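Survey of secondary and tertiary structure
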Amino acid sequence: MRKFFALQCLLFVLFGSRLASAQPGSGLSPEKLIVGGSAGFFRISYDDFPELYDGRSGFVYGGQVLYKVFAPYFAVAKLYVFEKDGTIDSTGSAVNWRQRGINLGVRYVSYRERKLVSYFGFGFVFFNIKEDGPVSLFGGSGGTRDATGLFLGGGLEYRFTPRASVFLDIEVSSAGLKGKSGFQGNSVGGFSIGMGINLFVL
């Protein structure tokens, strides 16, 4: 996790240096502001998750906003939600896990005149986890907990009109609850794959 964090910091420094030396553009481009939505599957990394909930994988959905700082670098904000239900074996009581994630980072993508492009990005992830039920996965009763960490992602995007595109997105995240490490077995981050659509607003 520390090596991962150091790599992220180094990348941010490199991008920051490039930002500081960049010359301002000559007006708005067709991809200055992009908004989109997606849906797919998420697999949480936390080893003990199946002890209370029905498997580690499930449906995930969300939205994103990209703003071009200068080509080909975009600031990206992404919000997504992952939910799972479960049952306490001893009592039959129902439990529910609702995990909201917010990604804040940088994405590299060069559109130009090409219809099919690839992209990659990285940054920080902030999770808010709400457990409903008499028992929590982390001990005690249900409640709300927060976790922070890092993400890396990439994908392919096909711009079928000047104002819209479809994309395939893959992402890996690692995040630990407050006071705990974000190593693989303890991470409430995970692996996600999804598809979505982007609209080129400005």
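As a reminder, the structure under discussion sits directly above these lines.
Reference entry: report on the structure contained in this document. (Residues numbered from 1 in each chain as written. Predicted model: local features only at pLDDT ≥ 70, side-chain atom pairs only at ≥ 80, totals over all residues. Heavy atoms only, no water.)

In terms of nonpolar packing, the biggest core is built from 22 residues, with Phe49, Trp97, Leu137 and Val188 touching the most fellow members. For this core, the secondary structure elements donating two or more residues are β1 (33-44), β3 (73-87), β4 (94-109), β5 (116-132), β6 (144-161) and β7 (164-177). Broken down by element, the residue count for this core peaks at three residues, all from β5. Discounting chain neighbours no more than four positions away, the residues touching leucine 137 are Tyr46, Asp48, Phe49, Leu52, Tyr53, Trp97 and Glu131. In this structure, Leu66, Phe74, Val117 and Tyr119 belong to the second largest nonpolar core, which totals 10 residues. (Core = buried A, V, L, I, M, F, W, Y, C linked by side-chain atoms within 4.5 Å. Buried < 20%, exposed > 50% of the residue type's maximum accessible area, 1.4 Å probe, protein only. Helix = DSSP H or I, 4+ residues; strand = E, 2+ residues; numbered from the N terminus. Contact = heavy atoms within 4.5 Å.)

The tally for this structure, following the rule as stated, stands at six salt bridges. A salt bridge links glutamate 31 to arginine 159, with the nearest nitrogen and oxygen atoms 3.6 Å apart. Residue glutamate 31 is found in the loop between α1 (2-21) and β1, and its partner arginine 159 is found in strand β6; the two are separated by 128 residues along the sequence. One salt-bridge network, in which partners are shared between bridges, spans Glu31, Lys68 and Arg159. (Salt bridge = Lys/Arg side-chain N within 4 Å of Asp/Glu carboxyl O.)

Attention now moves to the sheet that holds strand β2 (residues 57-70). Spatially, eight strands are ordered β1-β2-β3-β4-β5-β6-β7-β8 in a closed barrel, and the strand pairing comes out antiparallel. Taken over all neighbouring pairs, the strand axes of this sheet differ in orientation by 25° on average, direction set aside. As defined by bridge partners, β1 adjoins strand β8 (residues 190-200) across 11 bridges and the pair is classed as antiparallel. Of the residues in β8, the one forming a bridge with arginine 43 is phenylalanine 191. (Pairing = 2+ DSSP bridges. Axes fitted to C-alpha atoms, helices over the stretch in contact; angles between N-to-C directions.)

Pairing of β5 with β6, which is carried by 15 bridges, proceeds in the antiparallel orientation. Across the sheet, the residue bridging to phenylalanine 127 is alanine 147, located in β6. Strand direction decides the pairing type here: β6 and β7, joined by 13 bridges, are antiparallel. Residue pairing for β7: threonine 148 is matched across the bridge by glycine 176.

A few words now on unusual backbone geometry. Residue proline 72 is reached from alanine 71 by a cis peptide bond, and omega for that bond is 0°. For proline 72, the position within the fold is in the loop between β2 and β3. Located in the positive-phi region is arginine 112, a residue other than glycine, with phi close to 50°. Residue classification places arginine 112 among the exposed positions, given a relative accessible area of 68%.

This paragraph deals with the packing of aromatic side chains. Summed over all chains, the structure comprises 14 aromatic pairs. When the centroid spacing of 4.9 Å and the interplanar angle of 90° are considered together, the rings of phenylalanine 49 and tryptophan 97 count as edge-to-face. Taken as a pair, phenylalanine 49 in the loop between β1 and β2 and tryptophan 97 in strand β4 lie far apart in primary sequence, 48 residues in all. In this pair, the class of phenylalanine 49 matches that of tryptophan 97, namely buried. A centroid spacing of 5.1 Å and a plane angle of 70° characterise the contact between phenylalanine 70 and tyrosine 73, whose relative ring orientation is edge-to-face. For phenylalanine 70, a relative accessible area of 12% puts it in the buried group. Taken together, Phe42, Tyr46, Phe49, Tyr53, Phe82, Trp97 and Phe138 form an aromatic cluster joined through their ring pairs. Of note, lysine 78 hangs over the ring of tyrosine 80, and the distance from its end group to the ring centre comes to 5.4 Å. The ring of phenylalanine 200 has arginine 159 sitting right over it, with the charged end atom 3.8 Å from the ring centre. (Phe/Tyr/Trp six-rings, centres within 6.5 Å; stacked < 30°, edge-to-face > 60°. Lys NZ or Arg CZ within 6 Å of the ring centre and 35° of its normal.)

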